[in-house]
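What follows is the residue order along each chain.
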Amino acid sequence: MKYIALNASADEFLPYFSLGGCMEGLNNLLRSLYGISLQNTIMEPGEAWHSDISKLSVAHEKEGLLGYIYCDFFECENKPNQDCHFTTRGGKLMPDGSYKLLIVIVMLNLWQPRWTGSTLLTPSCVDNLFHEMNHGMHSMFARTEYQHVTVNVSVPTLPKYNKIEELIKV
């Protein structure tokens with residue numbers, strides 16, 4: 001419908017929406033609106049369940065580190081073919097006044113980059129990226145005294161993603 005209104009095909013938009021450019025745009029929006037920045041974070045060996053996972057630290061300019069988002073953006077064998085977000089560890093206020101950091105996973109099924117090119121997104125992929133990242137940020141903003149109630153029903157159904165289960169442990 002959007003393409004009809006613009007009288008354009010999805011392919012015409014591709015050069016303008018690289019995954020990196022969209023993530024940087026999202027970071028700029030979050031910084032401008034909420035004082036939040038997304039920072040690439042180095043993972044420990046064995047921390048990720050697949051080699052193309054990225055870990056983002058979510059930090060507020062005054063409150064500091066809010067939690068982590070694991071970005072599982074690319075299609076691969078045995079991965080469910082749906083875009084989704086789930087909380088693997090809810091945050092909560094600890095007895096000492098500190099806050100247990102939240103861990104969120106945002107999963108998309110983007111095509112793997114070809115050769116040395118960037119991953120280019122169609123307008124619907126951009127919509128999905130922003131939609132799922134919005135869920136992740138909503139989880140980050142929802143800081144409570146008690147641990148979030150999370151549903152991890154889909155986690156056991158991810159055969160080659162058994163490292164996710166380690167992230168769930170409280």
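Residues numbered from 1 in each chain as written. Predicted model: local features only at pLDDT ≥ 70, side-chain atom pairs only at ≥ 80, totals over all residues. Heavy atoms only, no water.

### Some details on the overall build of the protein chain
So, step 1. When helices and strands are tallied, the protein chain shows four helices and seven strands.
So, step 2. Listing each helix as α and each strand as β along the protein chain from the N terminus yields α-α-β-β-β-β-β-β-β-α-α.
So, step 3. Here the protein chain holds 170 residues, and the buried ones make up 42% of them.
So, step 4. Contacts spanning at least 24 positions in sequence make up 61% of the contacts within the protein chain whose residues lie at least 6 apart.
So, step 5. Of the roughly 10,000 Å² of accessible surface on the protein chain, a fraction of 56% belongs to carbon and sulfur atoms. (Helix = DSSP H or I, 4+ residues; strand = E, 2+ residues; numbered from the N terminus. Buried < 20%, exposed > 50% of the residue type's maximum accessible area, 1.4 Å probe, protein only. Contact = heavy atoms within 4.5 Å. Areas by Shrake-Rupley, 256 points an atom, 1.4 Å probe, with all protein chains shown as cover.)

### Details of the packing of aromatic side chains
So, step 1. Inspection of every chain in the model, using the stated rule, returns two aromatic pairs.
So, step 2. Arranged with centres 5.0 Å apart and planes meeting at 55 degrees, the rings of Y34 and F141 form a pair that is tilted. Of this pair, Y34 sits in helix α2 (residues 19-34) while F141 sits in helix α3 (residues 123-141), and the two are 107 residues apart along the sequence.
So, step 3. Ring centres of W49 and Y70 lie 5.7 Å apart, and the angle between their planes is 45 degrees; this geometry places the pair in the tilted category. Here W49 is found in the loop between β1 (36-41) and β2 (54-60), whereas its partner Y70 is found in strand β3 (residues 64-74), with 21 residues between them in sequence. Y70 matches W49 in its accessibility class, with the two residues each being buried.
So, step 4. K55 extends its terminal NZ or CZ atom over the ring of Y68, reaching a point 4.3 Å from the ring centre. (Phe/Tyr/Trp six-rings, centres within 6.5 Å; stacked < 30°, edge-to-face > 60°. Lys NZ or Arg CZ within 6 Å of the ring centre and 35° of its normal.)

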